[in-house]
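Coordinate inspection notes
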Amino acid sequence: MDSASVAISRPAPWRDSLSRSLRGGLKGGEYTWAVAFVVPYLAVFVTFVAYPVVYGLWMGSDPSLYPQLFADPVYQDTVVNTVLYLALGVNVKMFLALLLSGFFMRPGWWMKTLLLLFVLPWAVPQISAFISIHWMLNGEWGFLNNALYSLFHIEGPFWLNERWSALGAVIVSHIWKWTPFWTLILLAGRMAIPLEIRDTARVDGATGVRGFVHITFPLLANLYLISTLLSTIFLLGDFNAVYFVSGGGPADSTHVLATIGIRDAFDLAQPRLGVAAVMSALPLVIPLVIVLMRKLRTTEVQI
Amino acid sequence: MSTITADPRLASLASTQARRAVHRRQYLSQAGVLVVSVLLVIWTIVPIYNMVLISLEPEGDVFNSHLWPKVPSLESFWSVLTEGHWYLEHFWRQFANSFYMGGMVTILTLLFGSLTSFSIGRMRIRHGWLVSNCALLTYVIPASFLAIPFYRIMQNYGLANNLWSVIAALVAFATPYAIFVFQEYGRSIPIEVDESARIDGASPFQIYRRIYLPLMAPALVAVGTYALLLAWNEFLYQFLLLSTKSSMTVPVALAQFLNSDQSPWNYMMATAIVYSVPPVAIYYAFRRRMTAGLTMGGVKG
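Residues numbered from 1 in each chain as written. Chains lettered and ligands numbered in written order. Predicted model: local features only at pLDDT ≥ 70, side-chain atom pairs only at ≥ 80, totals over all residues.

Take the overall build of chain B next. Check the secondary structure of chain B and you find 13 helices and zero strands. In chain B, the succession of helices and strands from N to C terminus is α-α-α-α-α-α-α-α-α-α-α-α-α. Evaluated residue by residue, chain B yields a buried proportion of 44% over its 301 residues. Across chain B, contacts joining residues at least 24 apart in sequence account for 76% of those joining residues at least 6 apart. (Helix = DSSP H or I, 4+ residues; strand = E, 2+ residues; numbered from the N terminus. Buried ≥ 20, exposed ≤ 12 C-beta atoms within 10 Å, placed from the backbone. Contact = placed C-beta atoms within 7 Å.)

Along the backbone of chain A there are 16 helices and zero strands. For chain A, buried positions account for 42% of its 303 residues.

Contacts between chain A and chain B engage 79 residues on the former and 76 residues on the latter. Among the elements that make up the side of chain A that touches chain B, the one with the highest residue count is helix 3 (residues 28-59) of chain A (19 residues). In terms of residue class, the side of chain A that touches chain B is made up of 61 nonpolar, 14 polar and four charged. (Nonpolar A, V, L, I, M, F, W, Y, C, P; charged D, E, K, R; others polar.)

Another point: the nonpolar core. By size, the foremost hydrophobic cluster in this structure holds 164 residues, and its most contacted members are L170 and V171 of chain B. Broken down by element, the residue count for this core peaks at 16 residues, all from helix 6 (residues 163-186) of chain B. Those residues within four positions of V171 of chain B in sequence are excluded, and the remaining contacts are V44 of chain A together with V105, L108, T109 and F112 of chain B. (Core = buried A, V, L, I, M, F, W, Y, C linked by C-beta atoms within 7 Å.)

What the domain assignment reports for chain B is domain 1 (1-44) and domain 2 (81-296). On a C-alpha basis, the centres of domain 1 of chain B and domain 2 of chain B stand 50 Å from each other. (Domains from an automatic or database assignment.)

So, about the domain arrangement of chain A. Domain assignment breaks chain A into domain 1 (1-59) and domain 2 (69-298). Between the C-alpha centres of domain 1 of chain A and domain 2 of chain A there is a distance of 38 Å.

The next subject is helix 3 (residues 91-122) of chain B. Here helix 3 of chain B contains 32 residues, and its C-alpha end-to-end distance of 45 Å stays within 8% of the 46 Å for a straight helix at 1.5 Å per residue. Following helix 3 of chain B by one or two positions, R124 of chain B adopts a phi angle in the positive range, close to 55°. (Expected span 1.5 Å × (residues − 1).)

All names here are of chain A. Direction vectors running N to C along helix 10 (residues 163-191) and helix 12 (residues 208-236) enclose 150°, while the axes themselves pass 10 Å from each other. In the crossing of helix 10 with helix 12, the sense of the turn from one axis to the other is right-handed. The residues of helix 12 that touch helix 10, namely those facing H174, W182, I185, L186, G189 and R190, are T216, L220, L223, S227, S231 and L235. (Axes fitted to C-alpha atoms, helices over the stretch in contact; angles between N-to-C directions. Left-handed = near helix turned anticlockwise from the far one by under 90°.)

Now for the confidence of the model for chain B. Residues and elements named next belong to chain B. Averaged over all residues, the pLDDT of chain B equals 83, while 89% of them reach at least 70. Within chain B, the lowest mean pLDDT, 66, falls on helix 13 (residues 287-296), and the highest, 92, falls on helix 3. Of the regions scoring below 50 in pLDDT, residues 1-5 engages in six contacts with residues more than four places distant in sequence or in other chains. Under a pLDDT of 50 for its full length, residues 297-301 has, in the predicted model, 21 contacts with residues more than four places off or in other chains. Of the two predicted TM-score estimates for the complex, the pTM is 0.85 and the ipTM is 0.84. (pLDDT = per-residue confidence, 0-100.)

What follows concerns the confidence of the model for chain A. Residues and elements named next belong to chain A. Predicted confidence across chain A gives a mean pLDDT of 83, with 89% of residues reaching 70 or more. Put simply, helix 1 (residues 3-9) is where chain A has its lowest mean pLDDT, 40, and helix 5 (residues 73-103) is where it has its highest, 92. A low-confidence stretch, residues 1-16 (pLDDT under 50), is modelled with 11 contacts involving residues beyond four sequence positions or located in other chains.

Before going further, it helps to spend a moment on unusual backbone geometry. The backbone phi angle of D252 of chain A is positive, close to 55°, even though this residue is not glycine. Following the sequence through the fold, D252 of chain A ends up in the loop between helix 13 (240-246) and helix 14 (257-267). On the basis of neighbour count, D252 of chain A is assigned to the partly exposed category, with 19 C-beta atoms found within 10 Å. Although it is not a glycine, H127 of chain B adopts a positive phi angle of roughly 65°. Within the secondary structure, H127 of chain B sits in the loop between helix 3 and helix 4 (128-139).

What follows is about the environment of V170 of chain A. Residue and element names in this part refer to chain A. With respect to the element layout, V170 can be found in helix 10. Overall, the presence of 28 C-beta atoms within 10 Å leaves V170 in the buried class. Through-space distance from the C-alpha of V170 to that of G248 is 9.7 Å; in sequence the pair is 78 residues apart. With sequence-adjacent residues up to four places away left out, V170 is seen in contact with Y85, A241, V242, V245, S246 and T254.

Running from N to C, helix 15 (residues 271-279) of chain A and helix 5 (residues 147-157) of chain B cross one another at 145°; their axes reach a closest spacing of 9 Å. For the pair formed by helix 15 of chain A and helix 5 of chain B, the contact residues are P271, G274 and V275 of chain A on the first element and I148, P149 and R152 of chain B on the second.

One can find A143 of chain B in the loop between helix 4 and helix 5. The sequence separation of A143 of chain B and L170 of chain B amounts to 27 residues, and the corresponding C-alpha distance is 9.0 Å. Each residue touching A143 of chain B, except ones within four places of it in the same chain, is listed here: G237 of chain A together with F173 of chain B.

Spelled out as C-alpha cells, the structure:
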C-alpha cells in the first residue's frame, strides 16, 4: 500500500532507473501484468459507478428542481420519515445487537442452537420476508390480528392504514431483518477481546455492568461506532423494507428518500425530480462518507 | 464470598447463606435466559411461520382467522413447481434467471476482486491506493441512490431488459467488499512465497493462478457466499431493469403479485419459500466460513 516503506524494505535494485521507480519496483513485463490485473475492476468502476455518479450529478444539477421538490408535501413527509427511520432504525437495532451479542457470549449448546435460529432472518431473502410481514399485518386477515384476537380478545388496528403505525411496522421489519447481522459482527468483536483481559478484569472485580462499562465497551467502542455509521448508510439506501411492507402508503405518507426518488422518477415520470430527491440527502451522506472512509482506512478494526 | 471469623459455626452459617445467595442468583439468571430465549424464538419465527402457514392453505382458504392450517395442503407448492397458475407460468424460467444472475455475479466478483487485490496487495502496483479508494468509495455509496442514472445509462447502452445490466450493477457493488477481504486475508500469507516463485521464473499470472488462488481458498468461499446472497437479496435493480416475463427474476415476479388486486397469497408464499431455500441452505452450509469472512474484511449488509 505504502510505496515508500516498500522501497525501503526491498533490496536496492542493481540498476536504478527512473521508469522503474515510477512503476513501484516492478520490472517491465511484471508491470504490464499488474496493470492488466487492475484493469477489469477499474473498467467496471468507471462504467458502472463513476459514470452513473457523474450522470446523476448532471441530472440533478438544475437549481429550479429544488424549489419544486421542497414544495411537494409528500417530500416534506418523506424527510420526517427518513429522520425517524434513521434515528430509531439504526439506534434501536445497534443497541439490541450490542445487548444480544453479550447474551450470546454465554456458554452452552443451547446458546449455539439459539444463535443458529436467530440468524435465520438474515439468511431469508428480504423479498420473501417483507412480503410475509406485509400480509401478516393485514388488518382483516393478517396473522398478527388473528393472534391478538384469539389469545387476548383484542381487536388489532389496521396497521398499514395509518401513517405512524405503518412507519413503525417498516422500522420494526428493518430491525427484525438486520439485528442478527450486526449481532454477529459485535459478537465477533467481543470474541476478539483476549481472554486474559477478561479474566484479569474479573479477578479485579469488574464483572457484570462494571465489567461492561470499564472493560468491554471501551474495547468495542470503535467497532460499535463504525458499525453504526455503516448501518446509517445502508439504512439510508434501504429500498426494500419500505417498498414491500408499507409500499409508501397510505397515501404516500411513509416514503423515505430511497423510495421517493424511484416514485418521482418512474410513477410520476420525472427522473430529474427523483434524482434531486436523492441528492437532497447529500448534506448528510458526504460527511458520513468522509468520516467512514477515514475510519475504515486508518483503524486497525476489521469488521 | 468468604468471611473470616474465629467461630466455626458462624463461618459455616455465613457460607450457607453465601451458597444460597449464589444459588438464588444462578436460578434467577437461568430464568432470565429462558425468558429472553423464548422471546427471541417468537420474535424470529413469527414472520417465517406466517409464510409457511399461508403456503399450506388450500386455495381460497387464505381469508380466515386460524393460527394453524386446519387442512394443511401442499397444493400451492405443487402449483408453483408445475407452473399451474397463470401467474406462475414462467416460474422455472425466472428461477433459472435468478440462478444465472447469482452465479455470474459470484464468479465475476471473485475474479475481478482477486485480480485487483493480487495486483495491489502482492505486486504492489504503484498508485494502488487510488484503486483501493475507488473501492472504498463504492462501498459507502448506497446502491439505490444510483438506480435512476443507472437505468438511464442502460437504456442508452441498449441493455434494458437484459440480465447482464443487472449483473454489471451487482458486480460493481459487490467487488469492493471482495477487494477488502482479499487484501486483509492476503496479509497472512508471507510475501516471500511469491518472491521465491518469482526467482524460480514464474510469471505473475502463474503466481496468481498456482499460488495465490489456492492459498486464498477460505476467503474465496466467504466472499463467494456473500456475493451470491447479495444477488439473491437484491430487488431494486432487477425491478427497474427487467420487465418482460421471460427476462425477469423471481423477486420481480413476486412484486408483481403484490401489486395485483386478486393476489393468490398461498401461491405467493409458496414461491417465496421456494426462493428462500437456496440462500438459507448455502448460508448454513458455509456459515463458519462466512462469519470468518465478516471478521476479516469490511461489512456489507
